[in-house]
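# Chains, contacts and geometry: an overview
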Amino acid sequence: MRSTEQIEHTAPVPEELTGRPRRVPTGGVSWRRTFSAFQYRNYRLYFIGQLVSLIGTWMTSTAQGWLVYQLTGSKALLGIVAAVGTAPMLVFSTWGGWAADRFPKRSVLLYTQVAMMILSFAMAALVWTRVIQPWQIIALGAFGGVAMAFDMPARQSFVVEIASREDLMNAISLNSAMFNGARIVGPAIAGFLMAKVGIAICFFIDGVSFLAVLAGLLMMRLPPHSPGATAGGALAQALEGFRYVWHHVRVRTIFILFAIVGIFGWSYSVLMPAFAQDVLHLGSQGYGLLLGASGVGALLGALTTAAFGTSFSPRTLAFSGVWLFSAMLVIFSFNRNLTIAMICLAASGFGMMLFFSTSNTTVQTIVSDEMRGRVMGIWALIFGGMIPFGSLEAGAVAHYFGTPATLAVGGIVCAVAAFVTLIVVRRRDAQLATAAGA
């Protein structure tokens, strides 16, 4: 039974296409609700385990880039390793979504986390024994991408099972805060350890960090899994997610905007080294400050969404986030001052996190339970696909028109896409209102 306080913060909302009534949070602005998802024991276990593991993951990401450059001195290989690590998501994330709907999500996560733990230990052993070669890094990265393709849909759709629908935005926002907090802490620890101990220790600690996730998953108390009715084979069920998204107008609209912002907006990070060195004339320390500013802004954005997200309409948060991100990216592209650059990147990270957390929550709230895993599999496909495509787009445009122009164009494209999307959404609302009044 829910507490009186929880009931006061929820309100009935008209049924979605699934025919099921849903409830979303309402109420006043209060920082006391910033960590409301922590009231659920399963979510606390999940959060602690993921936080430890993500710090290790960022340590590996930092150490791997440094290792590749030490071995080869090739900037191109840095991009290849990054692309290989995400490319498998284009192929396997649809199957990952099917697995998340067909099998207990905790079981899927246990398998994927064990697989990634083994890969981290393998990397540590290869570095320690000094037999590491670039092709081995690429191969391990590809296997890691396959594991991530199954891990991400299950992890995203698992949140509603370990928290509640009423606190879904809070839980997703806290997950984003956890991710960005780890993004600040992990590289700092990795840099210290690489200088004092060596690169191999970073991969080893990452492997050990997965034990925290596994322990948290095993300690959870979950109801028995009961998969919904299925028709057709595994391939047909996996592809059913695309049909569902295409016919669900709201989800389709969110995914299109998400893809555009991902390709033309998030790709700004690919050009950060070039912008820092060639435009702002900064060294490695200045480059680190830029990355840190972006991470701090994203962290504050996630915490703000966790605290205040239920007090504003998702539409207001999502579009405001995109426009703030776009404006700051355009200003950043024309700026030549480090302090202003850091402020712009912090604000852009803040805006992007408003958009990401709100759109993720909206999608998971409006889809049916039996399709959530497959829908989030398509989310993972877009998320994974926009990294290599966005990188190619940003690199090609920057080659011909320069880094500042590329960043400015990206910001403008994102802003225009959000404006067009808002027009489409308002027209659809007007049509629905007319049809209801007829």
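The structure presented is a predicted model; accordingly, all values stated were derived computationally and were not measured.

## Observations concerning the environment of I378
- With respect to the secondary-structure elements, I378 resides in helix α15 (residues 372-401).
- Judged by relative accessible area, I378 falls into the buried class, the value being 6%.

## Some details on the environment of P223
- Along the chain, P223 falls in the loop between α8 (200-219) and α9 (234-247).
- Judged by relative accessible area, P223 falls into the exposed class, the value being 65%.
- Here the alpha-carbon distance between P223 and E161, two residues 62 residues apart in the chain, equals 9.5 Å.

## Let's talk about the pattern of salt bridges
- Following the criterion strictly, the structure yields 5 salt bridges and no others.
- For R374, the salt bridge identified is with D101, shortest N-O distance 2.8 Å. A residue pair is termed long-range when its members are at least 10 positions apart, and R374 in helix α15 and D101 in helix α4 (residues 88-102) qualify at 273 residues.
- Residue class for R374 comes out buried when judged on its relative accessible area of 11%.
- Looking at D101, the relative accessible area reads 11%, which means it is buried.

## Some remarks on the packing of helix α5 (residues 105-128) against α8
- One way to put it is that α5 packs onto α8 with a least axis distance of 8 Å and a crossing angle of 165 degrees. It follows from the interaxial angle that α5 and α8 lie roughly antiparallel. Taken as a pair, α5 and α8 cross one another with a handedness that is left-handed.
- Of the residues belonging to the contact of α5 with α8, the class tally is 21 nonpolar, 3 polar and 2 charged.

Conventions adopted
Residues numbered from 1 in each chain as written. Predicted model: local features only at pLDDT ≥ 70, side-chain atom pairs only at ≥ 80, totals over all residues. Heavy atoms only, no water. Helix = DSSP H or I, 4+ residues; strand = E, 2+ residues; numbered from the N terminus. Buried < 20%, exposed > 50% of the residue type's maximum accessible area, 1.4 Å probe, protein only. Salt bridge = Lys/Arg side-chain N within 4 Å of Asp/Glu carboxyl O. Axes fitted to C-alpha atoms, helices over the stretch in contact; angles between N-to-C directions. Parallel < 35°, antiparallel > 145°, perpendicular 65-115°, else oblique. Left-handed = near helix turned anticlockwise from the far one by under 90°. Nonpolar A, V, L, I, M, F, W, Y, C, P; charged D, E, K, R; others polar.

By themselves these figures say nothing about function.
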